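Next come the chains, spelled out residue by residue.
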Amino acid sequence: MSADRLRTAPTRPRAALLALACGLALSGFAASPMALAAPPAQAAGVDIPYETFTLPNGLRVVVHTDRKAPIVAVNIWYHVGSKDEPAGRSGFAHLFEHLMFQASEHHDGEFFDPFKQVGVTDQNGTTNTDRTNYFQNVPTTALDMALWMESDRMGHLLGAVDQAALDEQRGVVQNEKRQGENQPYGQVWDRLTRALYPAGHPYHRGVIGSMNDLNAASLDDVKQWFRTWYGPNNAVLVLAGDIDVATARRKVAQYFGDIPAGPTMAQPAVDVAKRPADTRETLEDQVPQVRIYRAWNVAELGTTEIDHLQVLGSLLGGAKASRLDRRLLHGDRLVDNISAGAYGSQLGSNFVVMATVKQGVDPATVEAAIDEELARLIAEGPSAEELERAKTSFRAGFVRGIERIGGFGGKADALAECTVYEGDPGCFRASLANVAATTAEDVRAAGAKWLDVGSHTLTVVPGARTPLAEEPAVTPAPFTPPAPDAQYTTTRSRIDRSAGVPKTASFPELKFPEQQRATLSNGTQVILARRPEIPVVQLSYEFKGGYTADLGRTPGTASFTMNVLDEGAGGLSALDFADRVEALGASLGAGASLDGSNAYVSALKENLDPSLALFADMLRRPNFDQTEIDRIKATWIAGIAQEKARPSSVAMRVLPPLVYGAGHPYAIPFTGSGTEDAIAKLTRDELVAFHRDWVRPEGATLIVVGDTTLDEIVPMLETHFGDWRGAGAAPAAIDVAEVARPTAPRVFLIDQPGAVQANIFAAQVIPPTNDASSTRFDMANTVIGGDFTARLNMNLREDKHWSYGARSSASGTLGQRPWMASAPVQIDKTAEAMAEIQRELTDFAAGERPATAAELARAQAIQTLSLPGAYETAWAVMSTIGGNVRFGRPDDYVFQRKAEIESMTVADLSGVATTIDPKALTWVVVGDLTQIEAPIRALELGEVQVIDADGAPVTPPTK
């Protein structure tokens, strides 16, 4: 449940799936005029077939059939967002999104509860300026339950909305607002929208609203809001997956047919609000680096021009080898990262360039370089080669995106977005065609028209953070919704809602792809899981030697080495290598984790062999060019500073050494990034040595998932990897010694002056992943903090609304696992929240409040009934196989684990609850010490010590 900070995903041409084509980090396209790889003989066609119908009450329904998994995506969009809020009622749309997850008239309890009992996946809701959406994937057999629940909150909600529910969700939303603003650069988007749009424009207000307006919201206000906007005639329902249109017609009419139509609400007129002049402002924040945001108001969704601007953004700053990257990151080395892209919206879109300025560089120099590159692209247009690469990347992203039926950016999302904004579920086809037909002149003309004058530049500089000022309060006008439209008739439902939520009597069987094996000449074992649904093949080469291999080496070596493998290989420079990857529509990279590392490639089937050639070069022949190493080291060090500025990541840096003790292989920042001093000293020889020792084929596993067979893929792999051999003897396995827990609790405080929230973490070691009790503990953790409906979240979020969310989890590790509970809480409730966490853990571990049969049943449903839908994507299958490889599990482990969970008893959970020892916790709290230190000390949870972002003790000033 969230308020989207930006109205839609970046670089999003009309439909949600195309957001994936561009990448959520504004990445995806190359810019240098290099020769392209040979084009494929024929690219596979891609589409999202659908059928539609409309109920008499105006509910529009879109159906897409996809039988690859026994699940159905239920995605409903209401055409209402923050743009529709009257003055003085900002945040209503998002507040009501939260209220819709509460009880309805015929279901007393959290909306999530029945879904958890059937193994829901990808369930959430979001609000932006233009729409509110709710979505979930459910087993096919639970579709009746899902439609009953969605229809009950559409047609039968208001009787269950009382003052207590309003107060609860108002508090949760206000903590969501605090959580966003408490992050580095967290005030940027509110600042930008206020500057880009004049007062009175529907986009001037932030989606999440003002504290004043949220506090002023009355019960009558929110009920009137619901009556106005949440009728079936203002909604689109998409059903995608294991369903057909005949079934959809019958079931949708049954559950939604009797809901009366609401009033027809006019949508605001398109108002791009193109600005007549450039403006700028400076914002001080607790940030480690200057960051520049430059934004323009540009053409709205549904226009050819916005599609052309997507391409322009990709060429300008949307890829590793884009024009801004070439100039500012690789050439002049003025920035640590830079991006550009369009953010599409209904009334008008934004084009944003963002640059994080290197320490010591004058921001004016960066701005001048951005201006020059943008002006050159507009004046000359792109080359034929870079334009073709951009188009290939768009298509590749679309192909990968349509593997998912639901969730953020899946097929259901694309169909719903197109229907809501353009009245055409297939509008993504027009966008794809527009992108494919884009010419250099189209790009040039779009830039000349929209990216001339009218930008707003926001420069964020290091300094003291002050809360974002509330705009002057506005007294809202009396609000009376229009009368419902008489022309709509209703069809009476035959269901008896007094009978309650439909029971799901049966569930689909878990299916996991058959795994086939082969062994390459180089000693690597190949595991293939065939998934022919989309023309993509994904591979992951799994190696030993993760962060733990840094022991005895420079900290950060493993992660740094793996991350620079694709920064030039096989004699190609970093930029040329990126160009080749983009031209093939491939995705390629490498990384490390605590106990191992891997390299991956996602290739279009038509370009599989040349993509594997690049993959082989990256693994076998990385350049390790000193110039690139020096560039990346500077950016890496800046990234460490960014980690220290974020409450969650600074905790991940200091907690492991506190929990495991100095010298332990796990006593390192769990970000894997090392320290500034260590990275500054890291040498090329050390990278070469790590690559020689750990990136080797003997004993490695190559996982292949996708549209291929062993007969096809093994000869290709032999061609590219068969003669690869490791040099010298392989290093011995890392010995991860067991450590003792502390004999008493400890509390460590990190100062974050001016923070409006405190971030609480409590951690300790537990037995390794391969321990016989591991699955039972994971189930116990599901009860205490491993799910939205778990005790910690129900307490701190839903009951006390001090937090936007509280969680606990244990990572998978070969050595003792780190278990951790965490909660960001409003600053004035820090000590009280810590006391509640301590009480919850103590009651659970000591048996004062053991897991109940109902909690066990819910945890079992969460962990087992979701499995048929959990392996919808190739990436999910690959990740599971990778875990089996890492921990030496059998191929049928997912079935064995399911059986173990299904056989568990309450006594089993009570037996492992004592794994958590509340008297041996290590606490880390990040917040404003002037507000939290004294109350925390008064709790007497344990010895309290103030440390800095490196974990070093802070000596109190002499009085």
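A short tour of the structure in this document, coming up. In this text the structure is predicted, and so the values were computed from the model without any measurement.

For the rest of this paragraph, the subject is the side chain of N137. For N137, the location among the structural elements is in strand β6 (residues 132-139). Classification of N137 by relative accessible area gives buried; the value is 2%. Among residues more than four places away in sequence, those in contact with N137 are I71, V72, A73, V120, T121, D122, I405, G406, G407 and E872.

A word on the nonpolar core. By size, the foremost hydrophobic cluster in this structure holds 76 residues, and its most contacted members are F615 and L619. Each residue touching L619, except ones within four places of it in the same chain, is listed here: Y541, F543, L565, A599, H691, V695, F721 and W724. By size, the runner-up hydrophobic cluster in this structure holds 59 residues, among which are L99, A142, L219 and Y255.

Let's shift gears to the sheet that holds strand β19 (residues 746-751). The strands making up a sheet associate through backbone hydrogen bonding, with each pair oriented either parallel or antiparallel. Strand order in this open sheet of 6 strands is β21-β22-β20-β23-β19-β24, and the pairing throughout is mixed. Strand pairing shows two members of the sheet lacking a second neighbour, β21 (807-810) and β24 (943-947), which therefore form its edges. The sheet shows a mean angle of 20 degrees between the axes of neighbouring strands, taken without regard to direction. When strand β20 (residues 757-766) meets strand β22 (residues 817-826), the two strands line up antiparallel, connected through 10 bridges. Considered in β22, the bridge of I760 is made with A823. Contacting β19, β20, β23 (922-927) and β24, helix α33 (residues 929-939) runs over the sheet at an angle of about 170 degrees to β19.

Turning to the environment of Y343, a few remarks are in order. You can see Y343 is positioned in strand β10 (residues 335-343). Residues Y343 and G552, 209 residues apart in the sequence, show an inter-C-alpha distance of 46 Å.

On the secondary structure map, E422 appears in helix α14 (residues 411-422). Classification of E422 as partly exposed rests on a relative accessible area of 29%. C-alpha separation for the pair E422 and P622, spaced 200 residues apart in sequence, amounts to 47 Å.

The next thing to look at is the packing of aromatic side chains. If you walk through the whole model with that rule in mind, you get 29 aromatic pairs. Ring geometry for F96 and F226: centres 5.4 Å apart, planes at 20 degrees, overall stacked. Placement of the pair is F96 in helix α2 (residues 92-99) and F226 in helix α8 (residues 219-229), with a sequence separation of 130 residues. Note on F96: relative accessible area 1%, which makes it buried. With a centroid separation of 5.8 Å and 85 degrees between ring planes, the pair formed by F101 and F111 is classed as edge-to-face. Within this pair, whereas F101 is found in the loop between α2 and α3 (112-116), its partner F111 is found in the loop between α2 and α3, the two being separated by 10 residues in sequence. F101 gets classed as buried once you look at its relative accessible area, which sits at 1%. By relative accessible area, which is 2% here, F111 ends up buried. Three or more aromatic residues joined by ring pairs make a cluster, and in this case those are Y78, F96, F101, F111, F112, F115, Y134, F226, Y230 and F788.

The backbone of Y185 shows a phi angle near 65 degrees, a positive value even though the residue is not glycine. The exposure class of Y185 is buried, given its relative accessible area of 7%. Even without glycine at this site, A273 takes up a positive phi of about 60 degrees. In this structure, A273 sits in the loop between α9 (245-256) and β8 (279-285).

Rules used throughout
- Residues numbered from 1 in each chain as written.
- Predicted model: local features only at pLDDT ≥ 70, side-chain atom pairs only at ≥ 80, totals over all residues.
- Heavy atoms only, no water.
- Helix = DSSP H or I, 4+ residues; strand = E, 2+ residues; numbered from the N terminus.
- Buried < 20%, exposed > 50% of the residue type's maximum accessible area, 1.4 Å probe, protein only.
- Contact = heavy atoms within 4.5 Å.
- Core = buried A, V, L, I, M, F, W, Y, C linked by side-chain atoms within 4.5 Å.
- Pairing = 2+ DSSP bridges.
- Axes fitted to C-alpha atoms, helices over the stretch in contact; angles between N-to-C directions.
- Phe/Tyr/Trp six-rings, centres within 6.5 Å; stacked < 30°, edge-to-face > 60°.

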